[in-house]
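# Commentary on secondary and tertiary structure
Spelled out from the first residue to the last, the chains are:
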Amino acid sequence: MGFVKVRKTNGQVFEVKVYELANFYYFYNGLYSVVETLKLQFGSWLVFQYEEALSSFRIFYFYDNIEFAPSDYFYYRPNGDFDKPDAMYINRLFVHHKTDNTIPNYPVVIRGPGKLKVFVRMEVFDNQLYITTGWDRIKKKLSITDEHMLVFEMIDLHTFDMFIFNCSKNVDLVLPPELYAAVKEECNIPIFK
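Below is a summary of the structure that appears in this document. The structure presented is a predicted model; accordingly, all values stated were derived computationally and were not measured.

This part covers the nonpolar core. Of all hydrophobic cores here, the largest spans 20 residues; its most connected members are Met88, Ile110, Ile131, Phe152 and Phe160. Listing elements by their share of this core, those giving two or more residues are strand S6 (73-76), strand S7 (88-90), strand S8 (108-112), strand S9 (116-120), strand S11 (128-131), helix H3 (135-142), strand S12 (148-156) and strand S13 (159-166). The next biggest cluster of nonpolar side chains, apart from the first, holds 15 residues, and it includes Val16, Val18, Phe48 and Tyr61.

In this section: the pattern of salt bridges. One pass over the full model with this rule turns up three salt bridges. For the salt bridge of Arg58 with Glu153, the shortest nitrogen-to-oxygen distance reads 2.6 Å. Within this pair, whereas Arg58 is found in strand S5 (residues 56-62), its partner Glu153 is found in strand S12, the two being separated by 95 residues in sequence. With respect to burial, Arg58 and Glu153 carry one shared label: buried. Two residues, Lys84 and Asp126, come together in a salt bridge whose shortest N-O distance is 3.5 Å. A residue pair is termed long-range when its members are at least 10 positions apart, and Lys84 in the loop between S6 and S7 and Asp126 in the loop between strand S10 (122-125) and S11 qualify at 42 residues. A relative accessible area of 28% places Lys84 in the partly exposed class.

Within the open sheet, the five strands sit side by side as S6-S12-S13-S8-S9. Their pairing is mixed. In this open sheet, the two strands that pair with only one neighbour each are S6 and S9. Between one strand and the next, the sheet's axes are offset by a mean angle of 25 degrees, whatever the strand orientation.

About the cut-offs
- Residues numbered from 1 in each chain as written.
- Predicted model: local features only at pLDDT ≥ 70, side-chain atom pairs only at ≥ 80, totals over all residues.
- Heavy atoms only, no water.
- Core = buried A, V, L, I, M, F, W, Y, C linked by side-chain atoms within 4.5 Å.
- Buried < 20%, exposed > 50% of the residue type's maximum accessible area, 1.4 Å probe, protein only.
- Helix = DSSP H or I, 4+ residues; strand = E, 2+ residues; numbered from the N terminus.
- Salt bridge = Lys/Arg side-chain N within 4 Å of Asp/Glu carboxyl O.
- Pairing = 2+ DSSP bridges.
- Axes fitted to C-alpha atoms, helices over the stretch in contact; angles between N-to-C directions.

Right, here's the structure in full:
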């Protein structure tokens, strides 16, 4: 098919070959360099976001066990085990590793698509961490449903960037122009299982 660029947030770029087999698209040559550089372990999974302006995929990666390999990201899927109707669950281990177990007692800014900026509060209920105040506004403004996955990147202790992915099986993923194709992709399947 051709090569695409996969870019880490620190600017490091990898050239990865994409090929088609039985109407599915796979990353091939070059993916091992990505896996080795990120020190991905069995059970890790990746999310690729195509950025047209840079003609590359931005990579978000998550480890199966955040205790061993913390990252600058955490993700949220609606209707998880710890969900509450008016609050969004945050993996407490993320806070443990990234903020030294300090839960902000001040408003935090979440920046989203379309220059969205929402001030939210974080609170602990039943020994679990949640975004409370401001969460309903985000859900309504962005029409968050069970088919979405939200990825949050911690910029600093006061600011998070939010990326939204639609994980519906009926959504077309538009690939770079050199691949001349659109494919169906499920984003909730681990890459190394």
